[in-house]
Amino acid sequence: DNAPEDVDVEKNYAVFLCQHGQQKKSEKYFLEAAQNALYATPDAAYTNAGVCASQIPDMKTAEQYFRKALGINPIFPSALYQMAQISYQQKKYFQARAFIERFNSASKQPRPEVLLLGVLTERALGNEQNAADYAKKLRTLFPDSPQAQQINHSP
């Protein structure tokens, strides 16, 4: 039985559709993969569906998918980052901070986009020391990243 390969094909097709402007159509395939018992990473499929929904942009649906992913795997770094980003965009800065902190606990690998979001979130909360700590880490670990350049060119 080649069912696991079929699920991978579905997921890959969904990624292709999402990357080629067919976000709504891709959702069906991500959900089929996520709901297939043979698919090992439904948290990733829901996160991908959420990323795709956010490109529409349908932030309400995106947030539902990220929360589903976190319901399956509460420490899934990609979903934590996506929720931090949505929270920041909605000006829910304390919630964004909580998701960033959960990301930092869950992931052994810092990511420049998360560090930048940390800087922006802490600035929004008025915590210049935490913002400076994130900025320093970003400049130290990813000095050539676009995110570090953004920090270097902002006040």
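Quick caveat: nothing in here was measured; it's all calculated off a predicted structure. (Residues numbered from 1 in each chain as written. Predicted model: local features only at pLDDT ≥ 70, side-chain atom pairs only at ≥ 80, totals over all residues. Heavy atoms only, no water.)

Peer 1: Summarise the state of the cysteines; cite the residues concerned and give the values.
Peer 2: Disulfides are covalent bonds that connect the sulfur atoms of two cysteines. With the rule as written, the count across this model stands at 1 disulfide. The disulfide that involves cysteine 18 links it to cysteine 52, with 1.9 Å between the sulfurs. Here cysteine 18 is found in helix 1 (residues 3-19), whereas its partner cysteine 52 is found in helix 3 (residues 42-55), with 34 residues between them in sequence. Here the two residues cysteine 18 and cysteine 52 agree in accessibility, since each one is buried. (Disulfide = S-S within 2.5 Å. Helix = DSSP H or I, 4+ residues; strand = E, 2+ residues; numbered from the N terminus. Buried < 20%, exposed > 50% of the residue type's maximum accessible area, 1.4 Å probe, protein only.)

Peer 1: For unusual backbone geometry, give the residues involved together with the corresponding values.
Peer 2: Of the consecutive residues isoleucine 56 and proline 57, the connecting peptide bond is found in the cis state with omega at -5°. With respect to the element layout, proline 57 can be found in the loop between helix 3 and helix 4 (59-72). Despite not being glycine, lysine 91 has its phi angle at roughly 65°, a positive value. Structurally, the position occupied by lysine 91 is in the loop between helix 5 (77-89) and helix 6 (93-106).

Peer 1: For empty space enclosed by the protein, give the residues involved together with the corresponding values.
Peer 2: Inspection of every chain in the model, using the stated rule, returns 1 cavity of 30 Å³ or more. One number sums up the size of the largest cavity: a volume of about 30 Å³. Looking at the largest cavity, the residues that line it are Gln23, Lys24, Glu27, Ala49, Cys52, Ala53, Ile56 and Tyr65. Every element with two or more residues in the lining of the largest cavity is listed here: helix 2 (23-35) and helix 3. (1 Å grid on protein atoms, 1.4 Å probe; cavity = no way out; pocket = protein on both sides within 12 Å on 5 of 7 lines; lining within 4 Å. Points joined across faces, edges and corners; volume = space filled by probe spheres on them.)

Peer 1: Before we move on, can you summarise helix 3 with the specific residues and values?
Peer 2: The end-to-end C-alpha distance of helix 3, which contains 14 residues, comes to 20 Å, matching closely the 20 Å that a straight helix rising 1.5 Å per residue would cover. Among the 14 residues in helix 3, 10 count as buried, and that is most of the element. Here helix 3 has its buried residues at Pro42, Asp43, Ala44, Ala45, Tyr46, Thr47, Ala49, Gly50, Cys52 and Ala53. (Expected span 1.5 Å × (residues − 1).)

Peer 1: Any details on the confidence of the model for the protein chain? Residues and values, ideally.
Peer 2: For the protein chain, the mean per-residue pLDDT works out to 92, and 95% of the residues sit at or above 70. When pLDDT is averaged over each helix and strand of the protein chain, the minimum, 81, is found for helix 1 and the maximum, 98, for helix 7 (residues 112-124). (pLDDT = per-residue confidence, 0-100.)

Peer 1: I'd like a description of the nonpolar core, backed by residues and values.
Peer 2: Phe30, Tyr46, Leu70, Phe99, Ile100, Leu138 and Ile151 are the most contacted members of the largest nonpolar core, which has 41 residues in total. Those residues in contact with leucine 70 that sit more than four places away from it in its chain are Phe76, Ala79, Leu80, Met83, Phe99 and Arg102. (Core = buried A, V, L, I, M, F, W, Y, C linked by side-chain atoms within 4.5 Å. Contact = heavy atoms within 4.5 Å.)

Peer 1: Now, about the environment of lysine 108: what can you tell me, with residues and values included?
Peer 2: Among the secondary structure elements, lysine 108 is positioned in the loop between helix 6 and helix 7. In sequence terms lysine 108 and valine 119 are 11 residues apart; their C-alpha atoms lie 19 Å from each other. Separated by 3.5 Å, the side chain of lysine 108 and the backbone oxygen of serine 105 make a polar contact. (Polar contact = N/O pair within 3.5 Å; in protein donor to acceptor, adjacent residues only side chain to side chain.)

Peer 1: Which residues make up the packing of aromatic side chains, and what are the values?
Peer 2: Within this structure, the stated rule accounts for 3 aromatic pairs. Ring centres 4.9 Å apart and planes at 80° place the aromatic pair tyrosine 13 and tyrosine 29 in the edge-to-face group. Separated by 16 residues along the polypeptide, tyrosine 13 in helix 1 and tyrosine 29 in helix 2 bring together distant segments of the chain. According to the relative accessible area criterion, tyrosine 13 is partly exposed, its value standing at 32%. Take tyrosine 29: its relative accessible area is 18%, and that puts it in the buried class. Taking 6.3 Å as the distance between ring centres and 20° as the angle between the ring planes, the aromatic pair formed by tyrosine 46 and tyrosine 65 counts as stacked. Within this pair, whereas tyrosine 46 is found in helix 3, its partner tyrosine 65 is found in helix 4, the two being separated by 19 residues in sequence. The pair formed by tyrosine 46 and tyrosine 65 is uniform in burial state, with each residue classed as buried. (Phe/Tyr/Trp six-rings, centres within 6.5 Å; stacked < 30°, edge-to-face > 60°.)

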